[in-house]
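Coordinate inspection notes
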Amino acid sequence: MNISPAKKPSTKFLPWEDPKQEPLVRFGNVTKRFGSFTAIDNVSLDIYEKEFFALLGPSGCGKTTMMRMLAGFETPSEGTISLGDDDIGSVPPYKRPVNMMFQSYALFPHMSVEANVAFGLKQDKWPKNLIKERVEEMLSLVQLEQFAKRKPHQLSGGQRQRVALARSLAKKPKLLLLDEPLGALDKKLREQTQFELMDIQEKLGMTFVIVTHDQEEAMTVASRIAVMDHGKIIQVATPEVIYEYPNCRYVADFIGDVNVIEGRLNSRTDSGIKLSWAEGQNDISISNNTERSADENACFAIRPEKVHVTHEEPLDADNRIQGEIHDIAYTGNLSTYYVKLSNGIIFKAQESNRRRLANREFTWEDKVWLSWRNTAGILLD
Amino acid sequence: MNGRFTWFNTTSLTVGFVFLYLPILLLVLFSFNESRLVTVWAGFSTKWYVELFKDKAFLDAALVTFRVALLSATVATILGTLAAVVMVRAGRFKGRTLFSGMIYAPLVMPEVITGLSLLLLFVAMGVSRGFWTITLAHITFSMCYAAVVVSSRLVTFDTSLEEAATDLGCTPFQAFLKVTLPIMAPAIISAWLLSFTLSLDDLVIASFTSGPGATTLPMKIYSQVRLGVTPKINALSTILIGIVTIGVLVASYLTRRSEARRKVDELLAES
Ligand SMILES: Nc1ncnc2c1ncn2[C@@H]1O[C@H](COP(=O)(O)OP(=O)(O)OP(=O)(O)O)[C@@H](O)[C@H]1O
Ligand SMILES: [Mg+2]
């Protein structure tokens, strides 16, 4: 199988920044209750045409419920969902131009691969020759032409997943919903399929909404990510913004690894603001988040890979703290150093292993310096 | 797994099987007896079979039995399937426990009571008893068995298959016809076979609900036996045993073959 990673378009695709753009999908103050339990809590969200939109969040936060409301299997208790110009809140699933790829694939076991893909087209009474053409087109898109006559149980997991994708794409839905589509695949196959998905989405110019547990997957495929928690949407932004500028500790913690230091903002300088965080330690200077005023409590957050570890004091660094190596997590390409600061806080710093293990510079209980630029971290509430 | 054929195991197996099959074996053997006496062997003959097929009363009874069994099995399977769908799918509704309890109750109800209550009902309604009342009675009790067989398969049925069908444009009813029903077919067929055999060998309920002119085979055999066992009865029983045996063999052959084929398919898929 040849993988050609989807090329990022040369002109930036940012419909959400254009006030003239009408969203394809609009959640307007949607609440969904199951009995007395509120699964979705007053959510408003816009999704634009040709987006690859990811819903990300811990188990039970309501991702599947959002999808099921889009597909029509659940109706919102309050609020409206519109698709284009139509309010689809109470339109049954079989009348929506929306298709879903199920987490369990939900392939019809008594039908061949071909018949599975043709199912929706037959239901829509397409002419026979067009169905045949479309099925062939879909199967070649997912590279399963030679398996057309097989039954689902005669296929491997990855092949089944591609049949499910072909079946949900066949009707050219305005919106394709993918609920943890790659959950059952192993890591290698999953990464490869992510690129295929992006490729297909680009080729067909459709709008995809994907649910995933896996933050790396969301970062890879999505144009924008919505991070959810307890039925609420916490932040919606591009993967870069979500990673570099999370709007709260929850998002910073959920996406990737982060060091958080609590302290008090004490003085403003031309180049930024300073945070005092421990007795006898240098203040941390931060050059972004300049809108914050002095004299309030704040959290400083910085990703481990932005922190350098050195034996000698890096005199030219904007920020430096001394500590002792408490633990080392070796993951092959990277080493994460857990460095204990004088006040007992464990600080994570990550270095890529450009040398072999035997030549490693640092070992347990080494006294080291941690340093970072004043643009590397951000302030959170 | 050592000692699978110890002395003890072999003996208990033999005793068990003799206990089970000796009476049947004797019955089959004596159906080919030359003599009129059922206890004395006088040489091989098939004359009782010939006589059986000349006996109009027996043939009539056979016809009634099969018509009742076919009709009641079909109707019971349809009703049982519907009941199973409601029990498994409808979620919680008021009186659900009562409803499913009432579906299962006739399974443990003594047949005499079922028969008697149906008889009282038919008398009260002033229905003349015969073919239709037997059929109705058989539908009533085999429907419960059908419901149990179908619902035990339905609970493991992945509802996302139906959702996928509606997602692709089927109304819920179309989804049931095109996806649920075909996948449920084996369970529905076995429910039908079970209802059919239940109807075929029912004596008690049929005796209560039949009237003049509608005698089923079990009733016929029973009344004949009271006048004395004749080799003709043995011949008839042998035929019935033959039919049931063939049915069981075919059914188990079919399931085993599809099972084996699936295993082969899965092996193919892995490679
Ligand atoms: N039909 C239902 N009846 C009652 N509660 C429900 C129903 N469907 C979902 N819930 C509840 O709503 C919450 C959100 O469920 P949902 O399936 O959307 O979570 P999720 O984010 O998809 O989780 P996961 O990542 O585990 O799939 C859960 O607490 C769940 O128990
Ligand atoms: Mg889910």
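Residues numbered from 1 in each chain as written. Chains lettered and ligands numbered in written order. Predicted model: local features only at pLDDT ≥ 70, side-chain atom pairs only at ≥ 80, totals over all residues. Heavy atoms only, no water.

**With respect to the overall build of chain B**
Broken down by element type, chain B carries 11 helices and 0 strands. Helices and strands appear in chain B in the N-to-C order α-α-α-α-α-α-α-α-α-α-α. Computed over its C-alpha atoms, the radius of gyration of chain B comes to 23 Å, more than 25% above the 18 Å expected for a compact globule of 271 residues. In terms of its C-alpha atoms, chain B occupies a principal-axis envelope of roughly 70 × 65 × 35 Å. Residues classed as buried in chain B amount to 37% of the 271 residues present. Restricting to contacts in chain B with at least 6 residues of sequence separation, those with at least 24 account for 69%. Accessible area for chain B stands at about 16000 Å²; split by element, carbon and sulfur atoms hold 72% of it. (Helix = DSSP H or I, 4+ residues; strand = E, 2+ residues; numbered from the N terminus. Rg over C-alpha atoms; globule rule 2.2 N^0.38 Å. Buried < 20%, exposed > 50% of the residue type's maximum accessible area, 1.4 Å probe, protein only. Contact = heavy atoms within 4.5 Å. Areas by Shrake-Rupley, 256 points an atom, 1.4 Å probe, with all protein chains shown as cover.)

**Things to note about a positive patch on the surface**
Together, A:Lys122, A:Lys125, A:Lys128 and B:Lys178 line one region of the surface with positive charge. Structurally, the position occupied by A:Lys122 is in helix α2 (residues 113-123). For A:Lys122, a relative accessible area of 54% gives the class exposed. (Patch = residues over 30% accessible without salt bridge, like charges linked within 9 Å, V, L, I, M, F, W, Y side chains within 5 Å. Salt bridge = Lys/Arg side-chain N within 4 Å of Asp/Glu carboxyl O. Lys, Arg positive; Asp, Glu negative; His and termini not counted. Charge placed at Lys NZ, Arg CZ, Asp CG, Glu CD.)

**Focus on the confidence of the model for chain A**
For chain A, mean pLDDT is 88; residues scoring 70 or higher make up 95% of the total. Long-range and interchain partners of residues 1-5 of chain A, a stretch whose pLDDT sits below 50, account for 9 contacts in this model, where long-range means more than four residues apart. (pLDDT = per-residue confidence, 0-100.)

**Comments concerning the nonpolar core**
Of all hydrophobic cores here, the largest spans 53 residues; its most connected members are A:Phe27, A:Leu55, A:Met66, A:Phe108, A:Leu175 and A:Leu177. When sequence neighbours within four positions are dropped, the list of residues in contact with A:Phe108 reads A:Asn116, A:Phe119, A:Pro152, A:Arg167, B:Leu161, B:Ala164, B:Ala165, B:Leu168 and B:Val179. One finds A:Met101, A:Ala118, A:Leu121 and A:Ile255 within the second-largest nonpolar core, a separate group that totals 46 residues. (Core = buried A, V, L, I, M, F, W, Y, C linked by side-chain atoms within 4.5 Å.)

**Quick word on the sheet that holds strand β12 (residues 272-276) of chain A**
Residues and elements named next belong to chain A. Here we have 5 strands laid out as an open sheet, ordered β13-β12-β11-β14-β20, and antiparallel in their pairing. Two strands close off the open sheet at either side, each with one partner strand: β13 (284-286) and β20 (378-380). On average, each strand axis in the sheet is inclined to that of its neighbour by 45 degrees, with strand direction left out of account. With 3 bridges joining them, strand β14 (residues 297-302) and β20 adopt antiparallel strand pairing. Looking at β20, one finds that Phe300 is bridged to Leu379. (Pairing = 2+ DSSP bridges. Axes fitted to C-alpha atoms, helices over the stretch in contact; angles between N-to-C directions.)

**Topic: the side chain of B:Glu163**
Checked against the element boundaries, B:Glu163 lands in helix α7 (residues 159-167). B:Glu163 gets classed as buried once you look at its relative accessible area, which sits at 19%.

**So, the interface of chain A and chain B**
A common way to state how big an interface is: give the accessible area lost once the parts meet. With 26 residues of chain A at the interface, the matching set in chain B holds 22 residues. Between chain A and chain B, the buried area comes to about 2100 Å², and carbon and sulfur atoms account for 60% of it. Looking only at chain A, the three residues that lose the most surface to chain B are A:Tyr94, A:Gln123 and A:His153, adding up to 29% of its buried area. Ionic pairing is found between A:Arg68 and B:Glu163, a salt bridge with its closest N-O pair at 2.8 Å. Summed over the shared surface of chain A and chain B, the result is 9 residue pairs in polar contact (both at pLDDT 80 or more). Its residues placed into classes, the side of chain A that touches chain B shows 14 nonpolar, 8 polar and 4 charged. (Buried area = accessible area lost by both parts, 1.4 Å probe. Polar contact = N/O pair within 3.5 Å; in protein donor to acceptor, adjacent residues only side chain to side chain. Nonpolar A, V, L, I, M, F, W, Y, C, P; charged D, E, K, R; others polar.)

**Brief notes about the pairing of strand β8 (residues 207-212) of chain A**
Residue and element names in this part refer to chain A. Where burial is concerned, most of β8 is hidden: 6 out of the 6 residues are buried. Residues Thr207, Val209 and Val211 of β8 are buried on one face, and the alternating residues Phe208, Ile210 and Thr212, pointing to the opposite face, are buried as well. When strand β3 (residues 52-56) meets β8, the two strands line up parallel, connected through 5 bridges. Bridging from a neighbouring strand, Ala54 pairs with Ile210 of β8. Looking at chain direction, strand β7 (residues 175-179) and β8 are connected through 5 bridges and run parallel. In the strand pairing of β8, Asp179 is matched with Val211. In this fold, β7 hands off to helix α5 (residues 187-204), which returns the chain to β8; that crossover is right-handed. (Right-handed = clockwise from strand over helix to strand, strands pointing away.)

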